[in-house]
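A closer look at the structure
What follows is the residue order along each chain.
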Amino acid sequence: MPRRCTACDHPERHSIDETLVTGAPYRSVAKRFGLSESAVYRHKTEHLPAHLLKAREAEEVAQADDLLEQVRHLQSRALEILERAEKSGDLRTALAAISQARANLELLGKLAGKLDERPVVNLNVSPQWLELRAVIVGALEPHPAAHTAVLRALESVGNE
Ligand SMILES: [Zn+2]
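Residues numbered from 1 in each chain as written. Predicted model: local features only at pLDDT ≥ 70, side-chain atom pairs only at ≥ 80, totals over all residues. Heavy atoms only, no water.

Concerning the side chain of H51
This is how the line gets drawn: What counts as a helix is a DSSP run of H or I of at least four residues, what counts as a strand is a run of E of at least two, and both are numbered from the N terminus. For every residue, the accessible area obtained with a 1.4 Å probe (protein chains only) is divided by the maximum for its type, and the residue is called buried under 20%, exposed over 50%, and partly exposed between those limits. Here a polar contact is recorded for every N or O atom pair within 3.5 Å, except that within protein the pair must consist of a potential hydrogen donor and a potential acceptor, and residues adjacent in sequence are included only if both atoms are side-chain atoms.
Inspection of the secondary structure assignment puts H51 in helix α3 (residues 37-87). The exposure class assigned to H51 is buried, which follows from its relative accessible area of 16%. A polar side-chain atom of H51 sits 3.5 Å from a polar atom in the side chain of R13.

Overview of the pattern of salt bridges
Defined as follows: Here, a salt bridge means any Lys or Arg side-chain nitrogen found within 4 Å of an Asp or Glu carboxyl oxygen.
In the structure shown here, the tally under the stated rule is seven salt bridges. Among the salt bridges present, the one from E80 reaches R77, with a minimum N-O distance of 2.9 Å. Placement of the pair is E80 and R77 together in helix α3, with a separation of three residues, close to one helical turn. A relative accessible area of 39% means that E80 is categorised as partly exposed. Given the relative accessible area of 35%, R77 is considered partly exposed.

Function-wise, these values are silent; they only describe arrangement.
Below you can see the structure in the form of structure tokens.
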């Protein structure tokens, strides 16, 4: 059985790691957390690098999650703008909002792929995209000219 590390088992392991990262002397770390100097030394050289690596990976996942959240927010804003533009009959803005929503969906697909290690989703068969398409087309039904123009634009997107 390998010897247990008193620093790793310490309830304040995070504080110990943080203190060691700042370059505090072993003696003061040992004193502060009630450990032996040799335990602190061994922990720093043998265990700390792995802890830091893990922390960095966790941070990267958290950042990707945060990014995903921001894109989701952008997406809901784009859909709001689309709705408002549709209500005021502003076709140019509606098309811009559709194009933005599509870019957001692509980004969401890429981010989801990165987070899940899955291949990037095909937009044309993604349920989110089909749902968005239906919402857009449905919203424009009372406006035949806009409806036709948007349908045409959506078709050209699908043919890319
Ligand atoms: Zn340790």
